[in-house]
Amino acid sequence: MRMSQPIRGMLLALSAALVLALTAAPANAAVTVTLSPTAGAVGTRVDVLASDCDKDATGDVESTDTSFKLPKNNNNAQGSFTVTEKMKPGTYTVTVTCGSDTAATKFTVTSGTGAATGGGSTASQATTAVLWTGAAAVLIAAAGLWLLKRRSNVTAA
């Protein structure tokens with residue numbers, strides 16, 4: 001059985017897109033840091049979750065002497081820190097190191113006392129690169145399919 005030219009071209013375009021997507025993916029997922037809450041005053045306990053971290057991790061709050069441990073829990077690492085009086089109102093970067101991977105997110109110290117609510121996270125740069133590579137592969141495949149469709153509509157003279 002012989003395949004027509006448009007079908008062969010379509011299969012070639014899909015194969016190329018699949019190869020690009022698979023070679024761009026990292027061997028393991030990148031660490032993602034989530035804080036709960038993402039803002040709070042002095043005395044607020046902040047829970048830190050490092051997703052896709054399969055070992056004990058460490059964390060610290062930028063420009064402070066606050067550091068904390070995140071023990072391994074299944075495929076994540078979890079820990080917490082408390083906003084101290086030394087932390088003046090403003091935005092601080094919370095960095096978590098899991099093996100050779102590092103991820104960070106922001107925490108805002110507010111004035112007053114008591115805990116604020118909310119949650120948020122940020123992905124490491126490796127995750128962003130994989131997402132953009134996947135998006136590019138999809139666009140290349142779509143463009144290839146469009147060109148093949150356009151070619152099949154051309155009539156011979």
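Quick notes on the rules
Residues numbered from 1 in each chain as written. Predicted model: local features only at pLDDT ≥ 70, side-chain atom pairs only at ≥ 80, totals over all residues. Heavy atoms only, no water. Disulfide = S-S within 2.5 Å. Helix = DSSP H or I, 4+ residues; strand = E, 2+ residues; numbered from the N terminus. Buried < 20%, exposed > 50% of the residue type's maximum accessible area, 1.4 Å probe, protein only. Contact = heavy atoms within 4.5 Å. Polar contact = N/O pair within 3.5 Å; in protein donor to acceptor, adjacent residues only side chain to side chain. Salt bridge = Lys/Arg side-chain N within 4 Å of Asp/Glu carboxyl O.

### Quick word on the state of the cysteines
Turning to step 1, where the next piece is worked out: Taken as a whole and judged by the stated rule, the model has one disulfide.
Turning to step 2, where the next piece is worked out: The residue that forms a disulfide with C53 is C98, at a sulfur-sulfur distance of 2.0 Å. Torsion about the S-S bond of the C53 and C98 cystine: about 100 degrees, corresponding to right-handed handedness. Placement of C53 in the loop between strand 3 (45–51) and strand 4 (57–61) and of C98 in strand 8 (residues 90–98) is noted, with a sequence separation of 45 residues between them. The two residues C53 and C98 agree in class, both being buried.

### Observations regarding unusual backbone geometry
Turning to step 1, where the next piece is worked out: Between S36 and the following residue, P37, the backbone shows a cis peptide bond with an omega angle of 0 degrees.
Turning to step 2, where the next piece is worked out: The backbone of D52 sits at a positive phi, close to 60 degrees, despite the residue not being glycine.
Turning to step 3, where the next piece is worked out: Relative to the elements of secondary structure, D52 occurs in the loop between strand 3 and strand 4.
Turning to step 4, where the next piece is worked out: Take D52: its relative accessible area is 32%, and that puts it in the partly exposed class.
Turning to step 5, where the next piece is worked out: Even without being a glycine, S63 presents a positive backbone phi close to 60 degrees.
Turning to step 6, where the next piece is worked out: In this structure, S63 sits in the loop between strand 4 and strand 5 (67–70).

### What to know about the side chain of T66
Turning to step 1, where the next piece is worked out: Tracing the backbone through its elements, the reader meets T66 in the loop between strand 4 and strand 5.
Turning to step 2, where the next piece is worked out: When near neighbours in sequence (up to four residues on either side) are disregarded, T66 contacts D60, V61, F81 and M87.

### Some details on the side chain of T93
Turning to step 1, where the next piece is worked out: Within the secondary structure, T93 sits in strand 8.
Turning to step 2, where the next piece is worked out: A polar side-chain atom of T93 sits 2.8 Å from a polar atom in the side chain of K106.
Turning to step 3, where the next piece is worked out: In this structure, T93 is in contact with D60, V61, E62, A104, T105 and K106, ignoring residues within four places of it in sequence.

### Examining the pattern of salt bridges
Pairs can form between side chains of opposite charge once their charged atoms are near each other.
Turning to step 1, where the next piece is worked out: Scanning the entire structure with this criterion turns up two salt bridges.
Turning to step 2, where the next piece is worked out: Here D47 makes a salt bridge to R45, at a shortest N to O gap of 2.9 Å.
Turning to step 3, where the next piece is worked out: For D47, a relative accessible area of 34% translates into the label partly exposed.
Turning to step 4, where the next piece is worked out: In this structure, K86 engages D65 in a salt bridge whose closest nitrogen and oxygen atoms are separated by 3.4 Å. With K86 in the loop between strand 7 (76–82) and strand 8 and D65 in the loop between strand 4 and strand 5, this residue pair connects regions lying 21 residues apart in the sequence.
Turning to step 5, where the next piece is worked out: The exposure class assigned to D65 is exposed, which follows from its relative accessible area of 58%.

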